[in-house]
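One-letter residues, chain by chain:
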Amino acid sequence: MNEAVSVVERVMTDRGELVLRRHAEHLEIISNGVFLMDTRAGASERLLVRESLRSMPIGGRILIGGLGVGFSLAEAVASPVPAEIVVVEIEPAIVDWHRHTLAAFSEHALDDARVRIVTDDIVRWLSTTDEVFDAICLDVDNGPDWTVFHHNAALYDDDGLTLLRERLTDSGVLAAWSAAAAPAYAARLAATIGPVTTHRVEVPRGEPDVVYLARRDGR
């Protein structure tokens, strides 16, 4: 029997149609008819933040690129380590959904005093701010090798990595989520940021999710 699918909310954005829909007990975000993410799992998104927190000092600052369905932010607010958690999310509708429909999945994190939401394109914001972070966690689009929005590729190329390095503290860490292994990106990450560790997370179907973690070296 097919599970019921219903639209919770549909909005038009600068990037086209964005839909939040319910599929049985789960919620899904669809952009211009293309599936982006859902609330079914979250293990790799949580690992993205968890491994970053392990590498940063107590009282440090963490930046999360992409709010999504909230698993990354939920992991951050569950930890006493960060003194400030900055989330950059380009879609105001997604931020709004986390004030009600998706709030449980981000564990009502928008109510946490440590959380600051920046509604902007992350590359543009990084280019205009002088803030630095002990950890930067990227959960933008599908990762470096398959972006639904082509402009997001600028976050993962050489210039994007150089910009991210400038926004890290001297021993800061950059973590990036990918929907599949991206060896060329891992090589660029090592060349631009520093030593890389790779974490693979099995998923029910398809290739494992991959989290790359690089610590800024002394170059």
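Before reading further, recall that the structure is shown in the block above.
Every chain begins its residue count from 1, and numbering advances along the sequence as written. The predicted origin of the model limits local features to residues at a pLDDT of at least 70 and limits the giving and counting of side-chain atom pairs to 80 or more, whereas totals for whole chains, interfaces and linings rest on all residues. Side-chain numbers here rest on the full set of heavy atoms in the structure, without hydrogens or water.

Our focus in this paragraph is the packing of aromatic side chains. Pairing of aromatic rings covers Phe, Tyr and Trp, the last counted by its six-membered ring, and requires centre-to-centre distances within 6.5 Å; plane angles under 30 degrees mean stacked, over 60 mean edge-to-face, and any other angle means tilted. Tallied over the entire structure, the rule returns 3 aromatic pairs. Residues Y156 and Y185 carry aromatic rings whose centres are separated by 5.6 Å and whose planes lie at 80 degrees to one another, so their mutual orientation is edge-to-face. Placement of Y156 in the loop between β8 (133–138) and α5 (158–166) and of Y185 in helix α6 (residues 183–192) is noted, with a sequence separation of 29 residues between them. Residue class for Y185 comes out buried when judged on its relative accessible area of 0%. Between Y185 and Y212 the ring centres are 6.1 Å apart and the planes differ by 65 degrees, which places this aromatic pair in the edge-to-face class. Taken together, the residues span a long stretch of sequence, with Y185 in helix α6 and Y212 in strand β11 (residues 209–215) at a distance of 27 residues. Taking the relative accessible area as the measure of exposure, Y212 reaches 3% and is therefore buried. One aromatic cluster is present, formed by Y156, Y185 and Y212 through successive ring pairs. Under the DSSP-based scheme used, a helix requires at least four consecutive residues in state H or I and a strand at least two consecutive residues in state E, with every element numbered from the N terminus. Buried means the residue's accessible area, taken with a 1.4 Å probe over protein chains only, is under 20% of the maximum for its type, while exposed means over 50%, and partly exposed covers the values in between.

In any sheet, the strands associate via hydrogen bonds between backbone groups, in a parallel or an antiparallel arrangement. At least two bridges found by DSSP between two strands are what make those strands a pair. If you trace the 4 strands from one edge of the open sheet to the other, you get β1-β2-β3-β4, paired in antiparallel fashion. Looking at which strands have only one partner, the edges of the open sheet turn out to be β1 (5–13) and β4 (34–38). Within this sheet the neighbouring strands show an average axis-to-axis angle of 25 degrees, counted without direction. In terms of strand pairing, strand β2 (residues 16–23) meets strand β3 (residues 26–31) through 6 bridges, oriented antiparallel. Paired with L20 across the strands is I29, a residue of β3. As a rule, the C-alpha atoms of each element are fitted with a line to give its axis, helices using only the stretch in contact, and angles between N-to-C directions run from 0 to 180 degrees.

With that settled, the discussion passes to α6. Those residues of α6 not exposed but buried are Y185, A186, L189 and T192. Buried residues of α6 fall within an arc of 140 degrees about the axis and therefore sit on the same side. More than 90 degrees from the buried face of α6, the exposed residues found are P183 and A191. We call two residues contacting when some pair of their heavy atoms lies within 4.5 Å. Buried positions along α6 lie against β8, α5, β9 (168–178), β10 (196–201) and β11. Of the residues one or two after α6, G194 is the one with positive phi, at around 160 degrees. As used here, the arc is the angular range of directions from the helix axis to the C-beta atoms.

This paragraph deals with the packing of α5 against α6. Between α5 and α6, the shortest axis-to-axis distance is 10 Å and the interhelical angle comes to 40 degrees. The orientation of α5 relative to α6 falls into the category oblique. In terms of crossing hand, the pair formed by α5 and α6 is right-handed. Contacts between α5 and α6 involve D158, L161, T162 and R165 on the former and, on the latter, Y185, R188, L189 and T192. Residues are grouped as follows: Ala, Val, Leu, Ile, Met, Phe, Trp, Tyr, Cys and Pro are nonpolar; Asp, Glu, Lys and Arg are charged; every other residue, Gly included, is polar. The residue inventory of the contact of α5 with α6, partitioned by class, reads 3 nonpolar, 2 polar and 3 charged. Oblique is the label for every angle not falling under 35 degrees (roughly parallel), over 145 degrees (roughly antiparallel), or within 65 to 115 degrees (roughly perpendicular). Handedness of a helix crossing follows the sense of rotation of the near helix relative to the far helix, less than a right angle counterclockwise being left-handed and clockwise being right-handed.

Turning to the environment of R46, a few remarks are in order. Structurally, R46 can be placed in helix α1 (residues 43–54). Taking relative accessible area as the criterion, R46 reaches 23% and is therefore assigned partly exposed. C-alpha separation for the pair R46 and D145, spaced 99 residues apart in sequence, amounts to 21 Å. In this structure, R46 is in contact with F71, A74, E75 and E107, ignoring residues within four places of it in sequence.

One non-glycine residue, E107, lies in the positive phi region at around 55 degrees. For E107, the position within the fold is in the loop between α3 (92–97) and β7 (115–118). Since its relative accessible area comes to 41%, E107 is described here as partly exposed. Here the phi dihedral of H108 falls at roughly 55 degrees; this positive angle occurs in a residue that is not glycine. The residue H108 is located in the loop between α3 and β7 in this model.

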